[in-house]
Amino acid sequence: MGALNSLARGLALPLVLLAVWQGVCVAGLVNPQALPSPVAVAVKWGEYLAPPQPQVAGQSWLAWVFSGELLQDAQGSLTRVVLGFAVGLVLALPLGLLMGALPWLRAFTNPLIQILRPIPPIAYIPLAILWFGLGNPPAVFLIALGAFFPILVNTISGVAQVDSIYLRAARNLGASPARIFVQVILPAAMPFILSGVRIGIGTAFLVVIVAEMIAVNNGLGYRILEAREYFWTDKIIAGMLSIGLIGLAIDLLMDRLNRHLLRWHRGMA
Amino acid sequence: MSTLVFSGVSQRFQTPGQDNAVQVLEAVDLNVAAGEFVCLLGPSGCGKSTLLNAAAGFVQPTTGTVTFANRLVTGPSPERGMVFQEYALFPWMSVADNVAFGLRARGEAASVVRERVDGLLRMLRLTEFADRWPRDLSGGMRQRVAIARVLALHPPCLLMDEPFGALDALTRRSLQEELLQIWAELRKTVVFVTHSIEEAIFLADRIVVMTHRPGSVKRDCVVALPRPRDQADPAFNAFKQEIGALVMAEQHAYEDAERRSFTGD
């Protein structure tokens, strides 16, 4: 009952807005080229989602469903996010753990990181294209860059801020430095690391859309820019909403992962 | 017969960016016999926790030495198990995994670990909490887990830093009684830091009253009361008054020093 109530409350404002939007369009108050009606967007969204051909014999149902343009684009965007994010994570996590654990390394590298960190990943686009040309490589580079700094910075502070009492207790119980690192420092830093991962994947998703507008010719970012060329405003909006839904799904997934990995943590679960 | 020996232990701490170092301990000489229960008693800032940290091997004295069982203390070791006021349980491990931590670090077989952990949980009446997170437990239960965690490694010596300081009076009383029972059964050497006069008299064979900064031994007195001790006993109270006068003199010195540092005199 409570869940149903909160669902109703959560849907009320979007439904009202949709109704107003539809009303404005039906009344002819706006140019449909500038703002198509929600119904038109929904219809276009359906076309965008639908497979272009009927299922052929021997084709699996899943392959058929995924032959639609929207799911092809979503798959392209998500593959880039996952690839770029993985590259960023694989570089940032070990480096952050090392920098957090070794104060001299931190002192040595911190100024450089502070200088590079405020440069938005998007500012690297010209350089990325010069270095990697067009296609997936510059996109993956930019996405990795977007994920790298939030993960790095959070991992460093996570490790550096491990309460020394845990280290003393572990040393007192005879744990080796390697055991302390894996069983004490890493889990103690995990809340910080995961919040970095969450920001990192959010940034990666932001960057993928921009990168696709510039460097590649598929994916959700490419598609909404392409739709502008044809004045398909309905498709632009359908694409934007798709991007929003995928972003929401990623964030919910991260939230689930957080809750699972931090189930010991006060204030979680 | 002494097992834990402090000889001329002095400790100075230099705060980065400040000229004058703080002299926390000044030439402390103290012998603790095997199986003895010694309480270090004094006001805040008397260096009693620093002395305990030196015994644990977490800090090296600026001058002087600490030896345990005739060996120089140079670092932490499970033979001197530490119990912290803040429990210091690993919050990402279950109660059972916390208790098993030292055994696993020592490379014990899984069956040995399980048996030892089960026994300790039973002894400290924690069996039903084995799979819980520390955050699910009350302060008293958490401190029982911390005690079980150090006992797992059969330490001949327990170092306890105000272990019951954060607990309510009834829980505290109950843990004091349990600790005495464990001590009587296992004959550990115990060095117990407290600022509670009653607690010191209730628990200790010997009370070492420390002076305000720099900390040194002000009075080293045997608690001659028979066990189990009764706080309502007139002899208990007479002793409490005697010790109380000593400690309060140092407490006033501490408060005066704090006032001076605040007004900048």
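What counts, and where the lines are drawn
Residues numbered from 1 in each chain as written. Chains lettered and ligands numbered in written order. Predicted model: local features only at pLDDT ≥ 70, side-chain atom pairs only at ≥ 80, totals over all residues. Heavy atoms only, no water. pLDDT = per-residue confidence, 0-100. Helix = DSSP H or I, 4+ residues; strand = E, 2+ residues; numbered from the N terminus. Pairing = 2+ DSSP bridges. Axes fitted to C-alpha atoms, helices over the stretch in contact; angles between N-to-C directions. Contact = heavy atoms within 4.5 Å. Domains from an automatic or database assignment. Buried area = accessible area lost by both parts, 1.4 Å probe. Salt bridge = Lys/Arg side-chain N within 4 Å of Asp/Glu carboxyl O. Nonpolar A, V, L, I, M, F, W, Y, C, P; charged D, E, K, R; others polar. Polar contact = N/O pair within 3.5 Å; in protein donor to acceptor, adjacent residues only side chain to side chain. Core = buried A, V, L, I, M, F, W, Y, C linked by side-chain atoms within 4.5 Å. Buried < 20%, exposed > 50% of the residue type's maximum accessible area, 1.4 Å probe, protein only.

## Side note on the confidence of the model for chain A
Averaged over chain A, the pLDDT score is 93; the fraction of residues at 70 or greater is 99%. Within chain A, helix α3 (residues 61-65) of chain A has the poorest average pLDDT of any element, 89, and helix α8 (residues 164-172) of chain A the best, 97.

## Focus on the sheet that holds strand β9 (residues 206-210) of chain B
Residue and element names in this part refer to chain B. Here we have six strands laid out as an open sheet, ordered β6-β7-β8-β3-β9-β10, and mixed in their pairing. Each edge of the open sheet is held by one strand with a lone partner, namely β6 (80-83) and β10 (217-222). Direction aside, neighbouring strands of the sheet carry axes that sit 15° apart on average. Here five bridges tie β9 to β10, and the two strands are oriented antiparallel to one another. Residue Val208 lies in a different strand from β10, and its bridge partner there is Asp220. Its contacts with the sheet put helix α4 (residues 139-151) on β6 and β7 (157-161), and the angle it makes with β6 is roughly 170°. Relative to β10, helix α7 (residues 234-263) is tilted by about 170°, and along the sheet it contacts β3 (37-41), β9 and β10.

## A few points about the domain arrangement of chain A
Residue and element names in this part refer to chain A. Examined at the domain level, chain A breaks down into domain 1 (1-30) and domain 2 (37-51 + 66-261). Placing the centre of domain 1 and that of domain 2 at their C-alpha centroids yields a distance of 32 Å. Taken together, the contact between domain 1 and domain 2 spans four residues of the former and five residues of the latter. Interface area, domain 1 with domain 2, both sides summed: about 380 Å², of which 79% is carbon and sulfur. On the domain 1 side of the interface with domain 2, the three residues burying the most area are Trp21, Gln22 and Cys25, jointly 91% of the side's total. Linking domain 1 to domain 2 there are zero salt bridges. Per-class residue counts for the side of domain 1 that touches domain 2 are three nonpolar, one polar and no charged.

## Structural notes on the side chain of His212(B)
As for its placement among the helices and strands, His212(B) is situated in the loop between β9 and β10. Among all residues touching His212(B), those that are not within four sequence positions of it are Ser44(B), Gly45(B), Cys46(B), Glu250(B), Ala253(B), Tyr254(B) and Ala257(B).

## Remarks on the domain arrangement of chain B
All names here are of chain B. If you check the domain split of chain B, you get domain 1 (2-79 + 155-253) and domain 2 (92-154). Taking the mean C-alpha position of each, domain 1 and domain 2 sit 26 Å from one another. Facing 15 residues of domain 1, the contacting portion of domain 2 comprises 12 residues. For the domain 1 and domain 2 pair, buried surface summed over both sides reaches about 1,100 Å², with 72% attributable to carbon and sulfur atoms. Counting the surface domain 1 buries against domain 2, the share from its top three residues, Pro155, Glu178 and Ile182, is 38%. If you look at where domain 1 meets domain 2, you find two salt bridges. Here Arg144 and Glu178 are joined by a salt bridge, their closest N and O atoms 2.6 Å apart. Viewed at the interface, domain 2 and domain 1 are joined by four residue pairs in polar contact (both at pLDDT 80 or more). Counting only elements with at least two residues in the side of domain 1 that touches domain 2, the list comes to β7 and α5 (169-186). Here the element with the most residues in the side of domain 1 that touches domain 2 is α5; it accounts for six residues.

## Considering the nonpolar core
Among the nonpolar cores identified, the biggest contains 144 residues, and Phe37(B) and Ile207(B) are the most heavily contacted of them. Sort the elements by how many residues they give to this core and helix α9 (residues 177-214) of chain A lands first, with 15 residues. Contact partners of Ile207(B), with chain neighbours within four places excluded, come to Cys39(B), Leu41(B), Ala200(B), Ile201(B), Arg219(B), Asp220(B), Cys221(B), Val223(B) and Phe239(B).

## Description of the interface of chain A and chain B
Contacts between chain A and chain B engage 22 residues on the former and 27 residues on the latter. Connecting chain A to chain B are zero salt bridges. Counting every contact that joins chain A to chain B gives six residue pairs in polar contact (both at pLDDT 80 or more). Listed by contribution, the elements that provide at least two residues to the side of chain A that touches chain B are α8 and α9 of chain A. The element that contributes the greatest number of residues to the side of chain A that touches chain B is α8(A), accounting for seven residues.

## Remarks on the pairing of strand β1 (residues 2-13) of chain B
Residues and elements named next belong to chain B. For β1 and strand β2 (residues 22-33), the ladder comprises eight bridges, and the chain directions are antiparallel. Bridging across to β2, Val9 finds its partner in Val28. Pairing of β1 with strand β4 (residues 63-68), which is carried by five bridges, proceeds in the antiparallel orientation. Each residue of the ladder has a partner; that of Ser10, found in β4, is Thr63.

## Quick notes on the side chain of Ser10(B)
For Ser10(B), the location among the structural elements is in strand β1. What Ser10(B) contacts, discounting residues up to four positions off in sequence, is Gln23(B), Leu25(B), Glu26(B), Ala27(B), Pro61(B), Thr62(B) and Thr63(B).

## A closer look at helix α2 (residues 95-105) of chain B
Taken across its 11 residues, α2(B) has eight buried, putting it largely inside the fold. When α2(B) is considered as a whole, its buried residues turn out to be Val95(B), Ala96(B), Asn98(B), Val99(B), Ala100(B), Phe101(B), Gly102(B) and Leu103(B). At its buried positions, α2(B) is contacted by α8 and α9 of chain A together with α3 (110-123) and α4 of chain B. At the C-terminal side of α2(B), Gly107(B) shows a positive phi close to 80°.

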